[in-house]
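# Overview (structure and organization)
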Amino acid sequence: MFALIDGNSFYCSCERAFDPTLRRKALVVLSNNDGCVIARTHEAKDLGVKMGEPWHLVQKRYPAGQLAWRSSNYGLYGDMSRRMFVVLRDLVPSVEPYSIDEMFLDMTGLDDLHSRSVDIRARVLRAAKIPTCVGIGPTKTIAKLANAVAKKDRAGSGVCDLSDVRVREALYQTMAAGEVWGIGGASAAKLERIGVKSIAQFLEVPGPLVRAQLSVVGERVQRELRGDSCLPLSLLPARRKSLAVTRSFGQRVSEWPQMEQALAAYATRAAEKLRGHQLVASAMQVFVMTNRFSKGEPSYANQVTFALRPTNDTFELVAMAVAAGRRLWRDGFRYQKSGVVLIDLVPREECPPDLFAETDGDRAPRIMTALDAVNRRFGRGTLRQASLVQTPAWSMRRANISPSYTTRVGDMLKVRS
DNA sequence: TCTGGGGTCCTAGGACCC
DNA sequence: TCTGGGGTCCTAGGACCC
């Protein structure tokens, strides 16, 4: 038997844990650059604030003081998540962190799951200051569904137990297939086209038809909903496969030097993340795009993916990202977003030690290595000149790089194409 | 003007090889 | 005339998730 515990309005609850004046207030947490709403307390939901709504629209709608807000602070949320994990680890046989605010619990061998879950919630609230809900079921998908039910019943116990098949079947009649974990908007629309609305109707669709419409993923969801567990608890965290640093610009970019600085900053941050995870990248993807929302304006989006000599070196990654970006760049567009994605990540210990570098040390040889790597990849003469320049503060802010990091990195590689 | 960022998995189709 | 067929690898794109 599985349980899924998740923090209610997690980011908001984290902010409240450290600022009691926010309690019982309508509160939202905003995305990077304060672009849009990514977490809402139920008071904010009651005011009509929607998930993902642009903040500039929401802000206008409410008089000052009615809606409190915070910029996101992922360091804090990560810490709070670890606190939750530590509390839970002592209460159940095993815990699988699923996302920053959700954990699957192994409940095998435990009895009286409902009151035990009520107790788990109380302990997490006491020790980690996070209010939660718990869903129980024989598969992960059912536990997830139960959790959603528990969350909807605001006045309830915060626990929903779907281990009884009769309880489930009654519920399946009333719940839409689209509410199931793994059935998103596109799949729900496909199901509606063949006359399926409720979960109960979804379970009546023959396997081959489900497979044709929703692929093996849909088939698995169907089996899980029947109580046939296909998704085991995984206790070892999966190895990370990719890592991205992407940002929308505060103001549109139409000059290459700004794009160059942005890509350099993203690659710098990506290299830092890479080393933080003890990984080395064997491929890179760089993309640029204009605003996908604006109509009547010339739009352009392009990306390039290429192999790297496995590396975690800032200079090399920066040089590669900038050279690739230059190749994608077209004059005459107002760019809205760009990004650097590192893929084919390999644990550092699996690579010969001479293949990677640390951030400190002599820079000159590494600049030459980076130049060399870029010219090998993009053709001789792609980079003719390289020098060290101070990265402007704005691009550091854009990439969410802290001042302390800025001083550590100091200069950046500037390349000209 | 302003509309996030970071992930995973699956499938189809092309290139290439034998 | 009859232009196979299976395997692998890579990439693009779609869908989903938090």
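To start, this report covers the structure provided alongside it. The structure presented is a predicted model; accordingly, all values stated were derived computationally and were not measured.

Attention now goes to unusual backbone geometry. In this model, Arg24 sits at a positive phi of 65°, which is unusual for a non-glycine residue. Within the secondary structure, Arg24 is located in the loop between helix H1 (10-18) and strand E2 (27-30). Here the phi dihedral of Asp344 falls at roughly 50°; this positive angle occurs in a residue that is not glycine. By the element assignment, Asp344 lies in strand E12 (residues 335-347). Looking at Asp344, the relative accessible area reads 47%, which means it is partly exposed.

One way to put it is that helix H6 (residues 140-152) packs onto helix H7 (residues 165-174) with a least axis distance of 12 Å and a crossing angle of 65°. Classed by the angle they form, the pair H6 and H7 counts as roughly perpendicular. The crossing of H6 and H7 is left-handed. Taken together, the residues of H7 that come into contact with H6 (itself represented by Ile142, Leu145 and Val149) are Arg168, Leu171 and Tyr172. Taken together, the residues of the contact of H6 with H7 break down into five nonpolar, no polar and one charged.

We now examine the protein's contact with DNA strand C. As a matter of local geometry, DNA strand C sits amid 14 residues, with Ser99, Lys144, Gly182, Gly184 and Ser187 nearest to it. Among the atoms of DNA strand C close to the protein, meaning within 4 Å, 100% are from sugar or phosphate groups. A distance of 2.5 Å separates a phosphate oxygen of DNA strand C from a polar atom in the side chain of Lys144. In this structure, Ser187 approaches DNA strand C through a side-chain N or O atom, which is 2.6 Å from a phosphate oxygen. Among the elements of the structure, strand E5 (94-99) and helix H8 (185-193) are those that each provide at least two residues to the surface near DNA strand C. With three residues, H8 is the largest single contributor of residues to the surface near DNA strand C. Grouping the amino acids of the surface near DNA strand C by side-chain chemistry returns five nonpolar, six polar and three charged.

Bringing a positive patch on the surface into the picture now. A cluster of basic residues, Arg23, Arg24, Arg83 and Lys129, forms a positive patch on the protein surface. Looking at the secondary structure, you find Arg83 in helix H4 (residues 74-89). You can call Arg83 partly exposed: its relative accessible area is 36%.

Spatially, the four strands line up as an open sheet ordered E9-E12-E10-E11, and their pairing is antiparallel. Each edge of the open sheet carries a strand with a single partner, namely strand E9 (242-253) and strand E11 (301-311). With strand direction ignored, the average angle separating the axes of adjacent strands in the sheet is 15°. As paired strands, strand E10 (residues 279-290) and E11 are joined by eight bridges and run antiparallel to one another. Each residue of the ladder has a partner; that of Gln285, found in E11, is Thr305.

Contacts to DNA strand B come from 24 residues, most closely from Ser31, Arg240, Lys241, Ala244 and Thr246. Taken together, the sugar and phosphate atoms account for 77% of what DNA strand B places within 4 Å of the protein. One of the side-chain N or O atoms of Arg247 is found 3.0 Å from a phosphate oxygen in DNA strand B. Ser248 places a main-chain nitrogen or oxygen 3.1 Å from a phosphate oxygen of DNA strand B. When residues of the surface near DNA strand B are traced back to their parent elements, those giving at least two are helix H10 (207-225), E9 and E12. For the surface near DNA strand B, the element with the highest residue contribution is E9, accounting for eight residues. Partitioned by chemical class, the residues of the surface near DNA strand B number nine nonpolar, eight polar and seven charged.

Cut-off values and rules
- In this convention, every chain numbers its residues from 1, walking through the sequence in written order.
- Chains carry letters and ligands carry numbers; both start at the beginning, A for chains and 1 for ligands, and go up in the order they are written.
- Reporting of local features is limited, given that this is a predicted model, to residues whose pLDDT is at least 70; pairs of side-chain atoms are given and counted only at 80 or more, and all residues count toward the totals for whole chains, interfaces and linings.
- To obtain the side-chain values, all non-hydrogen atoms of the structure were used and water was disregarded.
- In this description a helix means any DSSP run of H or I spanning at least four residues, a strand means any run of E spanning at least two, and both kinds are numbered starting from the N terminus.
- Each residue gets one of three labels from its accessible area relative to the maximum for its type: buried under 20%, exposed over 50%, partly exposed in between, using a 1.4 Å probe on protein chains only.
- The axes are straight lines fitted to the C-alpha atoms, using for helices just the contacting stretch, and the angles between their N-to-C directions are given from 0 to 180°.
- Small angles under 35 degrees read as roughly parallel and large ones over 145 as roughly antiparallel, with 65 to 115 read as roughly perpendicular and the rest as oblique.
- Two helices crossing with the near one rotated counterclockwise from the far one by less than a right angle form a left-handed crossing, whereas a clockwise rotation gives a right-handed crossing.
- Any two residues whose heavy atoms approach within 4.5 Å are treated as being in contact.
- By the convention adopted, Pro, Cys, Tyr, Trp, Phe, Met, Ile, Leu, Val and Ala count as nonpolar, Lys, Arg, Asp and Glu as charged, and the other residues, Gly among them, as polar.
- Whether a residue is near a molecule or strand is decided by its heavy atoms; if any one of them lies within 4 Å of it, the residue is near.
- In protein, a polar contact means a hydrogen-donor-capable atom and an acceptor-capable atom, both N or O and within 3.5 Å, with residues adjacent in sequence counting only if both atoms are side-chain atoms; elsewhere, any N or O pair within 3.5 Å suffices.
- Patch rule: a residue counts if its relative accessible area is over 30% and it has no salt bridge; like charges are joined within 9 Å, and nonpolar side chains (Val, Leu, Ile, Met, Phe, Trp, Tyr) within 5 Å.
- Using the Shrake-Rupley algorithm and a 1.4 Å probe, accessible areas are obtained, with residue cover drawn only from the displayed protein chains.
- Within this document, salt bridges are pairs made up of a side-chain nitrogen of Lys or Arg and a carboxyl oxygen of Asp or Glu, the two lying within 4 Å of each other.
- Neither His nor the chain ends contribute to the count of charged residues, in which Lys and Arg are positive and Asp and Glu negative.
- Where a charge sits is defined by one atom per residue type, namely NZ (Lys), CZ (Arg), CG (Asp) or CD (Glu).
- Two strands qualify as a pair provided DSSP detects at least 2 bridges between them.

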